[in-house]
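Residue-level listing of the chains:
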Amino acid sequence: MRRSDLPDGFVIGTATASYQIEGATREGGRGDSIWDTFARQPGAIVDGSTGDVADDHYNRSEEDVALMSDLGFEAYRFSIAWPRIQADGAGAPNPAGIDFYRRLAESLLERGVTPWATLYHWDLPQALEDKGGWLSRETALRFADYAAHVADRLGDVITDWITLNEPWCSSFLGYASGHHAPGRALGSASAHAAHHLLLGHGLALEALREVRPEARVGTTLNLYAVEPASDSGADRDAARRIDGLSNRLFLEPLLSGAYPEDVLDDLGETEWFAENATDDDLRRISAPIDFLGINYYSRHTVAAGSAPAPGSAPSAYPGSEHVTFVSTGAPVTRMGWEIHPDGMLDVMRQAHELAPGLPLYITENGAAFEDTVDADGRIDDAQRTDYLRSHFAAARDAVEAKLPLRGYFVWSLMDNWEWAWGYSRRFGIVHVDYETQARTPKRSARWMAEFMRG
Ligand code: IFM
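These notes cover the structure that comes with them. (Residues numbered from 1 in each chain as written. Predicted model: local features only at pLDDT ≥ 70, side-chain atom pairs only at ≥ 80, totals over all residues. Heavy atoms only, no water.)

### Describing unusual backbone geometry
Phase 1 of the analysis: Cis geometry marks the peptide bond from Ala181 to Pro182; its omega dihedral reads 5°.
Phase 2 of the analysis: Its location among the elements puts Pro182 in the loop between helix H8 (167–175) and helix H9 (190–211).
Phase 3 of the analysis: Of note, the amide linkage connecting Trp411 to Ser412 takes the cis form, showing an omega dihedral of 15°.
Phase 4 of the analysis: Take Ser412: it is sitting in the loop between strand E11 (405–411) and strand E12 (430–432). (Helix = DSSP H or I, 4+ residues; strand = E, 2+ residues; numbered from the N terminus.)

### Focus on the site of the ligand
Phase 1 of the analysis: Taken together, Gln20, His121, Trp122, Asn165, Glu166, Tyr297, Trp337, Glu364, Trp411, Glu418, Trp419 and Phe427 make up the full set of residues near the ligand.
Phase 2 of the analysis: Burial of the ligand by the protein chains amounts to 95% of its free accessible area of 280 Å².
Phase 3 of the analysis: Among the residues making up the shell around the ligand, the classes are represented as six nonpolar, three polar and three charged. (Near = heavy atom within 4 Å. Areas by Shrake-Rupley, 256 points an atom, 1.4 Å probe, with all protein chains shown as cover. Nonpolar A, V, L, I, M, F, W, Y, C, P; charged D, E, K, R; others polar.)

### Remarks on the pairing of strand E1 (residues 11–15)
Phase 1 of the analysis: The buried fraction of E1 is high, at five of five residues.
Phase 2 of the analysis: Burial along E1 is two-sided: the residues Val11, Gly13 and Ala15 and Ile12 and Thr14 are all buried.
Phase 3 of the analysis: In terms of strand pairing, E1 meets E11 through five bridges, oriented parallel. Paired with Gly13 across the strands is Phe409, a residue of E11. (Buried < 20%, exposed > 50% of the residue type's maximum accessible area, 1.4 Å probe, protein only. Pairing = 2+ DSSP bridges.)

Right, here's the structure in full:
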């Protein structure tokens, strides 16, 4: 697998997200986000940590930009923390917040790294959650207002924009299972959050286009390859349901302008969507985008099981609680996620069939493994290196199969705060010593650098 196996112009970048790396949660006039509140709740985060310090990137962004540029990355996908721009989710933008991201974008440009900004990577201002969060339609309007401010202040230094990161997680981990902030377990009503997130995307897209007609705007979904455990009708129905809730509930309104009826039916939400997801909303949600971002990590193999016992933990798949996730025996990462590079082609094909010609980017791909630092301070992460190599080969196969894949961003530049797993899971190609904040490129980073150099 060589760099030259990928076409000219194929973008290779790396990705992070604000709450996972910035720290400095009380600096620069930043307000609280739902993750600040959630992380403080006893038991919410496995190691009891918060993102208060994380990688201290807020104070070390110059060093981190130098690091990624020295490794040879051409693009950097980061996210803008909404509560740094509007502490309470409304009103005039906070100059200190704008300045931080302007300096970041300028230092990237000085080093020839293209900034890609995500507007929402899960850090909703707590003040908006207090008014209903994504269950409220008003949050979508607030999001568009925030997008317009950011485009106005930063659109001269940032051209590539991603509205949302992984609305499945925001909706179903946030409002169905409660594993993520804001930690609510509301069953099928969590699908209302999905609609308001997608509406927020549509409204933000409109706002960005109005303020910066030259902007390239897309959105990012986390898509899974989904297979039935057997050919039985019940297992195939389980696969239909999980593909429906994970993938089609987001792909179809965005790319075809309609929600999948079978999924609304599984959820028992047909009536709510008929009344609330208006034609006008769907017109906005399906307005043409410049690209689709896909975060690909794994495959789900599923089977029909029995209804969960009373008192079981709330599911992230409301209405499909009887479905079980089956192990195929294939190797898994430290997250327990099956390693299945070919699934990356499956999800690209699924998107491509709905929107032929729409450019696709893998906006995240990577893996957590147990890293050890040897006596010389080196981190020989052979498994992560293999994971990346096999997924780059899948990217090459996608290009050869004429899928419109235009770029790939590795998750993640450096170890960071992995949400409900706190600091216990490391996805970085650069090791972070959380005591000293020292950054050390792992073997995977050195492999990436050689690969990018060709
Ligand atoms: O760390 C997350 C990221 O924030 C969103 N996509 C998946 C990654 C790994 O879990």
